[in-house]
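Structural characterization, general
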Amino acid sequence: MENLIALLIGAPLLGAAVLLLGGRRLDKAGHWIGTLLAAVSFVIGLALFADMLGRSADDRALYQRLYTWIPVEGFQADIAFQLDQLSMTFVLLISGVGTLIHVYSIGYMEHDERRRRFFGYLNLFVAAMLLLVLADNYLLLYFGWEGVGLASYLLIGFWQHKPSAATAAKKAFLVNRVGDMGLSIAIMIMFTTFGTFAFGPVLGATGETSEGKLTAIGLMLLLAACGKSAQVPLQSWLGDAMEGPTPVSALIHAATMVTAGVYLIVRSADIFNAAPDAQLVVVVVGAVTLLFGAIVGCAKDDIKKALAGSTMSQIGYMILAAGLGPIGYVFAIMHLVTHGFFKAGLFLGAGSVMHGMNDEVDMRKYGGLRKYMPVTFVTFGLGYLAIIGFPGLSGFFSKDKIIEAAFAKGGTEGWILGSVTLLGAAITAYYMTRVMLMTFFGEKRWQPDAEGHEPHPHESPRSMTLPMILLAFGSVFAGGLFSIGDRFVKWLEPVTSFEHGHPPISAGAITSATVAVMVVGVGIAYLQYGRRPVPVVAPRGSLLTRAARRDLLQDDFNHAVFVRGGTHLTRSLVYVDHTLVDGVVNGTAASVGGLSGRLRKLQNGYARSYAVSMFGGTAVLIAATLLMRAV
Amino acid sequence: MNPVNYLYLSALLFTIGAAGVLIRRNAIVVFMCVELMLNACNLAFVTFSRMHGNLDGQIIAFFTMVVAAAEVVVGLAIIVSVFRARHSASVDDASLMKL
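From a predicted model like this one, the values you see are computed outputs, not experimental measurements. (Residues numbered from 1 in each chain as written. Chains lettered and ligands numbered in written order. Predicted model: local features only at pLDDT ≥ 70, side-chain atom pairs only at ≥ 80, totals over all residues. Heavy atoms only, no water.)

**Remarks on the overall build of chain A**
Tallying secondary structure elements over chain A gives 24 helices and two strands in all. With the principal axes as the frame, chain A shows a C-alpha extent of 115 × 65 × 60 Å. Looking at chain A as a whole, 54% of its 631 residues are labelled buried. Look at the contacts in chain A between residues 6 or more apart in sequence, and 80% of them connect residues 24 or more apart. Taken as a whole, chain A presents about 26400 Å² of accessible surface, with 66% of it coming from carbon and sulfur. Taking the average place of the 47 positive charges on the side chains of chain A and the average place of its 41 negative ones, the gap between the two points comes to 10 Å. (Helix = DSSP H or I, 4+ residues; strand = E, 2+ residues; numbered from the N terminus. Buried < 20%, exposed > 50% of the residue type's maximum accessible area, 1.4 Å probe, protein only. Contact = heavy atoms within 4.5 Å. Areas by Shrake-Rupley, 256 points an atom, 1.4 Å probe, with all protein chains shown as cover. Lys, Arg positive; Asp, Glu negative; His and termini not counted. Charge placed at Lys NZ, Arg CZ, Asp CG, Glu CD.)

Put into C-alpha cells, the structure is as follows:
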C-alpha cells in the first residue's frame, strides 16, 4: 500500500507538467485532464484511508522512501513520505476539496482563454500541498512549502493584465518570503542541534535539548506559520490575494494553503510542548489575529475581502487552539477541516454570485439575490450557519470545542482566552450575517456597469452548483460526524497526543454562552442591515470602521515602518558607501597618483644629476655599513 | 715609505675624479675623470696588495684595466657619434631621456 503514496503527489504533478508543457493543442481538453488527475489523487487517498482504517490505531502510519536527495556524509536529505492520521486528514481535505474546486473551475473559467494554464497551476498547487503534508522531514516539507507559495503567486496574479492582481501577487510572495525565512532558520537550528531533519529523530529528541533552543525553533516555526497562514504581523497579503480568480481564493486562500501554518505547528507539537514560552506566543498571535480578522471582516464591502477577513479570523482560532497544547491540537485540526468545507463553500458561493453579477464584488450593489440564485442562496446559507456556529452544524462543534479548550487553559490566561474566543464568535456572527443580508436579502440595489450593461443575476451552471452542494453537505454534517463518539479525537490521538481539558465552568454553560453571543451578533447585524435599507454608497462610518476598511492600517504601518524605514536605511547606506568607502578607495588612488607625479620629476634627463644620486646613494650605503660595523 | 700615503693619494685622485664628473660639462673631460677614478681604485688595490702581502689586489687591478680599456672603446665611440649628430660634447645637452 505504501507505494501508492508517491502516486498521490505524482498524479497532479503529472497533470501540471502535461498541461503546462503541452501547449495550445490541449486547450480543448486541458480542464478535463486537470480535473481527472486531481480526482485520481482523491481516489488513491480514499483507498489509502480505507486501508488505514483496517489497521489498529498504533499501526496506521505508512512510510515510503523514494531515494536520497542529497547524499552527503553527515547531511542526509531523503525524498521520503510519511502518511499518518494527521497527513491522511489533510490528504483527503486537499484532494477532495481540490477536486470539487477543479470541477467548479470548469464552469467558472469557461470564458477564459487561458483556462488550460489555470488548471495546470491548480494541479501544481495540489501536488505541492500534498508534498507539504506527506513529507517525512522538514527539508522536504520546506520544498512543498515553497511549492505552494509559488502556485499561490501564479494564481493570485493569474489575471496579470490587471495591475492590481500583479501587485497583489508580488505582495503575497514578498510577505510569504519573510515567513519562509523563519522556516529555513528553524530548519538550520534543527540541523545544528539534532544533526537531521527527519520528523522522527527531531521530535523524538526534544527531551534532551535545552529549552532555549526549542523556544528559538518554535518561534521561527511560528514566524513561518504567520507568513503562510496570514497571522498578525504577516497578515497583510491575504486581503489583496482576493484579486485571484475565486476558485483560487476558495482552494488556496481559504481551505488548504493558508492552513499549512496550523499543520506545521501541530506537526511540531513535541517542540512546542517542550517550549512553553513559544507556545504562549502562539496563543497570543492566534488571539490577536482572530479579533483582527473579525474586525476587518465587519467593515469590508467587497464580499471576497469580507470572507478573507473571516478566514484570517478562523485560522486565528486554529492557531490559538494549536498553541494550547495537547488539549487543543485535535480541535485545531478539526476546525481546520470543517472550516475547509464551509469556507470553501462560502467562497464558491461568492464566486457564483459574482458570476451572475458581471463580476461585481461590492455587496452594496447586491441585494435580494435569493430569488434569482436559489441554489447559491441555500448552499451559501448553510455555509453561513456553519461558520457562525449554529447548533448542529459543523462550525458549532469545532468552534465550541476550541472555546472550551481556551477556558481550560486555566487561570487568568484561560479566562482571557475564553473571553476573546467568545467575543470572536459574536463578531463572526455579526459580519457573516451582514454579508448574508447585504447579498441575498433586502431590496435589489444593482446598477448598470460603466458600459451600461444591466446585470441579469442568474443561477450558475451545474458544474458550479454541484461542488457547492457537496461542500454544503460537508458544512452541515462534518462537525457532527467528527464529534459524535469523539471519533475525530480517537482518530488523531495517536499522532498529536490528547488530554481532556477541564474548563473552570461546565461545558454546558460554555456552549450556552457560545450560542448566546452568536444570537447577539446575529441580532445586531439584523438591526443594522435587515431592518433598514442598505445605502448603496458606504456611509463615512466611525473611526474604527474607517480604520477597519483600511485593514486596520496594516499597510500604512508596513509602509511607515518597513518601506520608509527601508528607504531611509538604504539611502544612508548609499551615503556611507559614497563618502566613506569610495572616499578611502579614491583617496588612496589620488595620493598614489600625486606622489608619483612628484617622484617622476627626479627623472630629469641630466646625466650629472643621476651621478649625484649615485654618489649620494653610495655614500649613504658606506656610511650605514660603517655605522653597523661600529655598533 | 709608509704605504698608507699611497692610500691618501688614491683617495685624493678619486675625489678629484668624482668632482670632475659632477662639475664638468664636457663629455670628454667627464670621461677622463671617470678614468681617473678607475685608476685611483687601481692604486688602492695595488697598495692593499702590498700591505697584505698577497697578489689578489694586483690581479683585480689588471681586470680593472681591461674593463677600462673596453669602456674607453665603447664610450669614446658614443661620444664621437653624439658629437657628430649634435655638434656638441656637452653632457647637459643630451637630456632627452626624461618624462
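Okay, back to it.
**Examining the pattern of salt bridges**
Residues and elements named next belong to chain A. Applying the stated criterion across every chain, the model contains 15 salt bridges over all chains. Here Asp551 ties to Lys300 by a salt bridge, and the two come within 3.1 Å at their closest N and O atoms. Here Lys300 lies in the loop between α13 (276-299) and α14 (303-323) and Asp551 lies in the loop between α22 (543-549) and α23 (554-599), a separation of 251 residues in the sequence. Here the residues in one salt-bridge network are Glu146, Arg177 and Asp180, joined through shared partners. (Salt bridge = Lys/Arg side-chain N within 4 Å of Asp/Glu carboxyl O.)

**Side note on the UniProt feature "transmembrane region" (unreviewed entry) in chain B**
All names here are of chain B. Taken from the UniProt record, the annotation "transmembrane region" (unreviewed entry) applies to residues 6-23, 28-48 and 60-83. Between the end C-alpha atoms of residues 6-23 the distance is 25 Å, and the span holds 100% helix and 0% strand. When the span residues 28-48 is considered, its composition is 100% helix and 0% strand, and the gap between its end C-alpha atoms is 30 Å. (UniProt positions renumbered as here; feature names shortened; annotations may be inferred.)

**Things to note about the packing of helix α4 (residues 115-134) of chain A against helix α11 (residues 260-267) of chain A**
Residue and element names in this part refer to chain A. Direction vectors running N to C along α4 and α11 enclose 15°, while the axes themselves pass 11 Å from each other. When the axes of α4 and α11 are compared, the pair comes out roughly parallel. For α4 against α11, the interelement crossing comes out left-handed. Counting all contacts with α4, which are made through Met129, Leu132 and Val133, the residues of α11 involved are Ala260, Tyr263 and Arg267. Taken together, the residues of the contact of α4 with α11 break down into five nonpolar, no polar and one charged. (Axes fitted to C-alpha atoms, helices over the stretch in contact; angles between N-to-C directions. Parallel < 35°, antiparallel > 145°, perpendicular 65-115°, else oblique. Left-handed = near helix turned anticlockwise from the far one by under 90°. Nonpolar A, V, L, I, M, F, W, Y, C, P; charged D, E, K, R; others polar.)

**Regarding the pairing of strand β2 (residues 75-83) of chain A**
All names here are of chain A. Burial analysis of β2 places seven of its nine residues in the buried class, the great majority of the element. In the sheet, strand β1 (residues 62-72) pairs with β2 via nine bridges, with the strands oriented antiparallel. Counted as the bridge partner of Val72 is Phe75 from β2. With antiparallel pairing between neighbouring strands as the criterion, β1 and β2 make up a hairpin whose turn holds two residues, including Gly74 at a positive phi of roughly 80°. (Pairing = 2+ DSSP bridges.)

**Some points on α11(A)**
The buried fraction of α11(A) is high, at eight of eight residues. Residues of α11(A) that are buried: A:Ala260, A:Gly261, A:Val262, A:Tyr263, A:Leu264, A:Ile265, A:Val266 and A:Arg267.

**What about the packing of aromatic side chains?**
All names here are of chain A. Within this structure, the stated rule accounts for 22 aromatic pairs over all chains. Summarising the aromatic geometry, the rings of Tyr138 and Phe199 are spaced 4.8 Å apart at their centres and angled 90° between planes, so their arrangement reads as edge-to-face. Taken as a pair, Tyr138 in helix α5 (residues 138-156) and Phe199 in helix α7 (residues 199-204) lie far apart in primary sequence, 61 residues in all. Across this residue pair, the class does not change: Tyr138 and Phe199 are buried. Ring geometry for Phe377 versus Phe441: centroids 5.6 Å apart, planes at 75°, classification edge-to-face. (Phe/Tyr/Trp six-rings, centres within 6.5 Å; stacked < 30°, edge-to-face > 60°.)

**Description of a nonpolar patch on the surface**
Residues and elements named next belong to chain A. On the surface, Leu466, Ile469, Leu470, Phe473 and Phe477 cluster together into a nonpolar patch covering about 480 Å² of accessible area. Structurally, Phe473 is set in helix α19 (residues 462-483). Overall, Phe473 belongs to the partly exposed group, its relative accessible area being 48%. (Patch = residues over 30% accessible without salt bridge, like charges linked within 9 Å, V, L, I, M, F, W, Y side chains within 5 Å.)

**A short note on the interface of chain B and chain A**
Facing 14 residues of chain B, the contacting portion of chain A comprises 10 residues. Carbon and sulfur atoms make up 64% of the surface buried where chain B meets chain A, a total of about 1000 Å² over both sides. Linking chain B to chain A there are one salt bridge. With a closest N to O distance of 2.6 Å, B:Asp92 and A:Arg608 form a salt bridge. Our count for the chain B to chain A interface comes out at three residue pairs in polar contact (both at pLDDT 80 or more). Considering every element that reaches the side of chain B that touches chain A, the biggest residue donor is helix α1 (residues 4-23) of chain B, with four residues. For the side of chain B that touches chain A, the class distribution of residues is nine nonpolar, one polar and four charged. (Buried area = accessible area lost by both parts, 1.4 Å probe. Polar contact = N/O pair within 3.5 Å; in protein donor to acceptor, adjacent residues only side chain to side chain.)

**Section: α14(A)**
The terminal C-alpha atoms of α14(A) lie 30 Å apart, and with 21 residues this matches the ideal 30 Å at 1.5 Å per residue to within 8%. A:Gly325 sits one or two residues past α14(A) and shows a positive phi near 90°. (Expected span 1.5 Å × (residues − 1).)

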